[in-house]
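Geometric and topological summary
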Amino acid sequence: NCTFGWEVQGIYPEFSDGTDVNSVDRSLDDGSMILATGDDFGQVKIFNYPALEGIKPKTYSGHSSHVTNVRFGMGDTYLMSAGGGDLCLFQWRHFEDEDNTEEAADDPDLMEELTAADRPEGEESAPPPAEAGGGGGGGMMDMFAVEEAAGEEFMAVKPWKGAIFPPSNPPPENHDKPESWLELDWVYGYRGFDCRSNIFYNANGEIVYHAAGVGIVQDMKSKKQRYFRGHDDDIVCMDKHPEGKYFATGQLGKDPYVCVWDATETIDSNPEIRDLGIKPIAKLVCPKERGIVAVAFSGDGSKVITVGNDNDHTVTVWSVDYSTGKAAIMAKEKGHQDKVLHARVSDKNELVFCGIKVIKFASVEGKAGDKLKLKFNKGILGKKGKRQVMICVEHLPSGNTLCGCSDGSIYEFAGNSLTKVAKAHQGPVQCVSVGPKYVISGGKDGKLKFWDHSLKAVKEINITELAQAVQDSAGRKLCFFSEKSIYIKSIDATDFENDDPKRIIVGTKDDEIYEITFDGDTPSLRIVVQGHSRGAGSKKLGDWGELWGLQPSPTKNVFVSAGDDRTMRLWDIEKKSIIAVRKLEQQARSCAYSPDGKYVAVGCMDGSFCVIETATLNVVKTVKDRKEEIGEIKFSPNGALLEVGSHDNFVDLYSTNKLPGDLRRVGKCKGHSSYITHVDFSADSQYLRSTCGAYELLFWDNTGTQIKRPSSLADTEWASETCILGWAVQGIFPECSDGTDINACDKSKDGDELVTSDDFGKVNLYRYPCLEGAKCHSFGGHSSHVTNVRFSYNDRYVLSAGGADLCIFQWKHYEVRGQEDEEETDPEIEAELATQSAPKRPAPPEPEPAPAADAGGMGDMGMMDMFAVEESAGEEFMAVKPWKGAIFPPSNPPKINKKKPDDVLTLEFVHGYRGHDARNNIFYTYDGNVAFHAAGVGIVYEPATHTQKFFLGHDDDILCMAMSQDGKYAVTGQVGKKPAVIVWDVTTMEEVARHEKHKRGVVAVAISPNGKYVASVGNDDDHVMYVWEYGASKPTMDEVKTNRDKVFACEYSPSGNEVAVAGMKYVAFFKCDEGKLATKKAAKGKLGKKGKPGPFLHVQYVDDAVKLVGTVPGDLYPFMGDTLSKPISKAVKGPLQAISRAKDNSFLMIGGKDGIVQCYDTKLKKVDAPFAPVDFSSSELLGKYGLQMGGCHIRAIAIADDHKKYTVGFYTGEVVEVNHKGECKMLVQGHARGSSGKYGDWGEVWALAVHPKANIIASGGDDRTVRLWDPENRKILRLKSVKEQCRAVAFSPDGDLVAVGTKDGVIYVLNGEDLSEIERITSKKRTSEVSDIKFSPDGSHFAVGSHDNFIDIYSVGSYKKTGCCRGHSSYITHIDWTADSQKLRSNCGAYELLFWTVDGDQIKRPSSLCDEEWATATCVLGWDVQGEIEFQCSVAMHYRVYVHVHMFACVCLRVYVPWFLPHMYV
């Protein structure tokens, strides 16, 4: 079962990091020789055995979480797989495929075609993914190319876990959101590099523009900004309403939209804090247009014109009602194939747009009430003009059109004919502004030119000269321009005196905004806002221009930034302005202050760095010891050292004692396998810790020597908390993270809070320490990945840097008022609410000291010297594959078979049901079958035959389910970054419709009674509900924000004229028209004095007027309309989770935590018909019907159409059917999540074993149960409860004993037939998780591998310890015995493959065992599984086909190829 070894070398895919395969097992039939694996991607795979490198598997999906274990049953008829987080046992039928496509494909090209679908997406020709740090080297990141799409994989694959240890006295855990807030105070930046004509004065004289994903209104007098934050991606265009009150902004995105907003009116966007926003008016969604490249108001302001970034640059005319916010499409036509740059509408409502070699004029044709059409006419240039890039357009009062051109000309059109050409600028004309007296133009030459309305030149202002006169106190220029002159991109004017403007606003390509004012005729320039720019415009990949360097001063409210525009800038936080600009020779990616603030070190893209004196901005030293990007740089707290982390994978240490003189390298931290991302010093400057792109967390002393035992630094005080991997920051990664999503973090100076920045444009605020399960406040505004985030020196501010948006956001940090009184809740509800951030598998505990291992036999292979550092380190990630030196082929290796195995797995039965965090998710279909879901599978169970059918269209956990009124269609919603809502046919099990608009997950779904509409609620911050039509050829879709708090349920009324949504402190009702959303304004439930606010767990309608809501205390709340009438107190004891209505509306059934099912009539009176109450907590009832259950908490009830039976789903994973006589029958059963609310104890299933002589399976879970299963009859045989959570199980060779290992280190020996306890083994020295148990083939001993890093060997019968295998440097993962019971091999979390005698002595020469026959092949590292590692698994050995399981929720067949052969695709 070891995952490392010669015969399992091929189980790991090309991009594996070594932790991905959890389990491997080999079939028992010598004629078949199949290997099975289970991995971190929810996949089960099977291979030909032995599985050497280059082998091809077959892959099978269904699990929604990491597959923790796989085992072949007796006779190889079945394969069982255990899902860790989904708590399900999947039963696969195993047989030989008679129709093998691969055998028939002799032609290589045909073979390539037939197997293309098996190749991971993008593997054939796609380059490796970009590094999280933006550019540079870092070959280790190639390993994660496959993993980026996995979502859940990163949370299970944590190579740094072995390097984190809690302090001796950790602070109490608090997972609540912090009692403080971030308020956006200032945005340093403006989007000018690829936009134009996007700065305006509003009706109040304030300046309006956009940066990142934010619309900004800036008051020059008060030096304050206000923000419109209704966008979720980059804003790329803008226009002003003729009245100057309203503005329209368009964004990028797959389904982009335009927002219309009021720039003169401020609203209180969050009443609990001081966060003020700008009033939104309307949202104009343009599906599939990829972006809005131009937006324009009509002359009268009643219409908005949008131009999309799709292939046809679609032009849409919208009508907008500013009082109601309603918008409608009046006309829509294809615009032009070439790129469109700008559009405007004249006072006569004539549209013009321009772009690459095109200018088009359009008029709207048609009568009011009819469908309108746009008629386009191309601009006629004649002999006056030439085809070129037409950049910008504006209209004269006469109605003629002005167009700025790439050759510096301004064209004037009358109608669509060119009538006049004026040579205006040297270089392109980027913007034109038309005032009452003048036309003002600007372009690349840095000049504003004034023209009368007949295009006669009047005067000009050289902006470049004015800007050069703006200097700091030392006489240094403050305005930055990357070219010879300022490149003007936008102009607007206001404060006209005698039609002469007195204020002109100018935006530049280098993302700066200036205001020109006049003293008489003399102009002067002042800086409005500055930000970093994209740089000189190099088209070299990696030189597109981003911003990464950011660091506040340690002594005052000043900060430094450094970017790809080759500048270092100093900023004043209080004054919200720039202090100084220093040009650099290279693009910069990191910066840091010295502790006294006298120096700033700047790391550059070319591998160099420089030290700059802050008082003079003089460069005192430049050093170039590396070739690749310096992504991390930091001074030690005592100022004596400077660490420099590079994409060459090193951290260099320099002595700073001789600054401003010399810098001397005094140490080099060598050991990372990928580019350096973050480094921290200890408070005493004696130690460092560092992280890299391969998710390694390593430790060093201040000479560069690696600390091999991170546990020795568990109580070290760190001067900063910028490393994103570590004990105190375990909770910063969201559930679906892929490991590159968090870019930076920082701890507040008072040590109470932690701030992070991510790839989703968010800044997140947590309590500190931030452990798994922590909740945060999230703040948006950045439109791209937020590359850096830091607290100011006094914690009053937080600063964040947007990578591609080039903006620095300055946030005020302050405490908010105390939290409201805690609502009444329940431990299981608390666990459910925390599930979103619950870990998939806890970190191994701190090991006790163990001697270093001779991991590979130095005597056999001198080359193993190169692995010395990695092997002794033990607790860090091994990118160099330390097991390689310990695997040797047999003397006569079998013939290599690279093909996929002929064998096939078909999913036959799922033992499990998702009840722990889902509710009301069981239904009867039209033909009397029972539909529900488990893991990532929709299931239809046929009671008559005790069989299941499966819908496998999801790729992650299904969270919710609904059934159509006719019982023919189910709808299911899943978790994930881009979660799917899928409608599927319960007969054919085929997909009918799919919706993928939600974010992070879908928490509730409902189908309208007429079967036309689906309502689905997402797990985003606003819990957006989409109501969409799934059966129409042109489906409609509405969306509405429901509530910021968690939503539990949604339900349609019987007529479909209302949909109700229930959640935390919230129940609301939305009016519908036969299922279609009729209003976006909800009627919130009015509790009055009769009820308490939430949580509201479920909502169900009695009829159109009356709806019932279940509460945590067990009260049943009936609402008449939107008002609570008389509650039914304590309808159940504990949370009331399930309310089900008969289809004919004749009665209802309810159930909750007390396990009692009871009927109510429509007047809410308890009745005994058609079903008498049933109490599932009654031991008498359970014994009478032979029900072995883990609990009685009811989560779902389904009533059959004939009222003769109903089905109940339980929190603990059981599904029971009850007939009208009260007779009970178990339909489906699985492991439960367990009852502990302790973080890290969320409950998984890892233990799985096969009886050696009978078709019986044993399993153990974190629900503290051991179970025996009959796969032939698909039912449970025995269930035994123990005191501890179970993590490993094994049968003795005769099947008479079952050994069980627990998370607390306790070992049980049970009777193999009735599970009665024979022995309970405890040891004071073994308190950590038992991860593997194996009996020797002769039954005389069993070996126990634990997270204490040891393998203990016990004698069967006396149960005394007879040996101990000491030498592994990390927790034990897998163990195998030899067939003669004399030797063992083992794998650990540090990827070591070691060998032992039965007495526990290490065998130092692995080559001596190359011809050894192994009784099992569950180790995931070894010669015969070299091609299998795609994720971490367990296998039983002898044979030629392996099964291997992924976290993607798939199962694969793969063939083994020697490790020296090229890797073969999946």
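Please refer to the structure higher up on the page.
The following refers to the structure shown. Values in this document were obtained by computation on a predicted structure and should not be read as measured data.

**Focus on the sheet that holds strand β89 (residues 1215-1219)**
Spatial ordering of the open sheet is given by β87-β88-β89-β90, a layout of four strands whose pairing is antiparallel. For this open sheet the edge positions go to β87 (1194-1199) and β90 (1224-1228), each flanked by a neighbour on one side alone. Averaged over neighbouring strand pairs, the angle between their axes works out to 25 degrees when direction is ignored.

**Some words on unusual backbone geometry**
At the junction of Leu 659 and Pro 660, the peptide bond is cis and its omega measures out at 10 degrees in the coordinates. Cis geometry is adopted by the peptide bond preceding Pro 769, which originates at Tyr 768 and carries an omega value of 0 degrees. Here Pro 769 shows up in the loop between β55 (763-767) and β56 (777-779). For His 946, which is not a glycine, the phi torsion comes out positive at approximately 55 degrees. Note on placement: His 946 falls in the loop between β63 (937-942) and β64 (947-951). Judged by relative accessible area, which is 18%, His 946 ranks as buried. Unlike most non-glycine residues, Arg 1000 shows phi in positive territory, near 70 degrees. Within the fold, Arg 1000 resides in the loop between β68 (991-995) and β69 (1002-1007). Among the residues examined, Arg 1000 registers a relative accessible area of 34% and is labelled partly exposed.

**Topic: a negative patch on the surface**
Residues Asp 1294, Asp 1296, Glu 1313 and Asp 1314 make up a contiguous surface patch of negative charge. Secondary-structure assignment places Asp 1314 in the loop between β97 (1307-1311) and β98 (1317-1321).

**Some points on the nonpolar core**
If you look at the biggest cluster of nonpolar residues, it comprises 71 residues, and the most contacted ones within it are Leu 448, Ile 463, Ile 504 and Leu 525. Take this core: its biggest share by element is six residues, from strand β9 (residues 180-188). With near-sequence residues (within four places) excluded, Leu 525 lies in contact with Ile 463, Leu 466, Ala 467, Val 470, Cys 479, Tyr 514, Glu 515 and Ile 516. Within the second largest apolar cluster, 34 residues are counted, among which are Leu 905, Tyr 924, Phe 932 and Ala 1196.

**A short note on the environment of Ile 34**
Here Ile 34 shows up in strand β3 (residues 34-39). Ile 34 sits 17 residues away from Ala 51 along the chain, and the two C-alpha atoms are 9.0 Å apart.

**Looking at the pairing of strand β4 (residues 41-48)**
Of all eight residues in β4, eight are buried, a share of seventy percent or more. Of the two faces of β4, the one holding Phe 41, Gln 43, Lys 45 and Phe 47 and the one holding Gly 42, Val 44, Ile 46 and Asn 48 are both buried throughout. Here three bridges tie β4 to strand β5 (residues 58-60), and the two strands are oriented antiparallel to one another. Across the sheet, Lys 45 pairs through a bridge with Thr 59, a residue of β5.

**Points about the sheet that holds strand β40 (residues 567-572)**
In a beta sheet, neighbouring strands pair by backbone hydrogen bonds and run either parallel or antiparallel. Overall, antiparallel pairing links the four strands, which are arranged β38-β39-β40-β41 in an open sheet. Of all the strands in the sheet, the pair left with one neighbour each is β38 (547-552) and β41 (577-583). Taken over all neighbouring pairs, the strand axes of this sheet differ in orientation by 20 degrees on average, direction set aside. Of the pairings in the sheet, the one linking β38 to strand β39 (residues 558-563) comprises five bridges and is antiparallel in character. Residue pairing for β39: Leu 550 is matched across the bridge by Ser 561.

**Structural notes on the pattern of salt bridges**
Overall, the coordinates contain 58 salt bridges when judged by the stated rule. Taking the shortest distance from any N to any O, the salt bridge between Lys 444 and Glu 483 comes out at 3.9 Å. You can see Lys 444 sitting in the loop between β31 (439-443) and β32 (447-451) and its partner Glu 483 sitting in the loop between α4 (463-468) and β34 (488-497), a full 39 residues away along the chain. Overall, Lys 444 belongs to the partly exposed group, its relative accessible area being 35%. Between Asp 917 and Arg 914 there is a salt bridge; the shortest N-O distance is 2.7 Å. Under the relative-accessibility criterion, Asp 917 is labelled buried at 13%.

Rules behind the numbers
- Residues numbered from 1 in each chain as written.
- Predicted model: local features only at pLDDT ≥ 70, side-chain atom pairs only at ≥ 80, totals over all residues.
- Heavy atoms only, no water.
- Pairing = 2+ DSSP bridges.
- Helix = DSSP H or I, 4+ residues; strand = E, 2+ residues; numbered from the N terminus.
- Axes fitted to C-alpha atoms, helices over the stretch in contact; angles between N-to-C directions.
- Buried < 20%, exposed > 50% of the residue type's maximum accessible area, 1.4 Å probe, protein only.
- Patch = residues over 30% accessible without salt bridge, like charges linked within 9 Å, V, L, I, M, F, W, Y side chains within 5 Å.
- Areas by Shrake-Rupley, 256 points an atom, 1.4 Å probe, with all protein chains shown as cover.
- Salt bridge = Lys/Arg side-chain N within 4 Å of Asp/Glu carboxyl O.
- Lys, Arg positive; Asp, Glu negative; His and termini not counted.
- Charge placed at Lys NZ, Arg CZ, Asp CG, Glu CD.
- Core = buried A, V, L, I, M, F, W, Y, C linked by side-chain atoms within 4.5 Å.
- Contact = heavy atoms within 4.5 Å.

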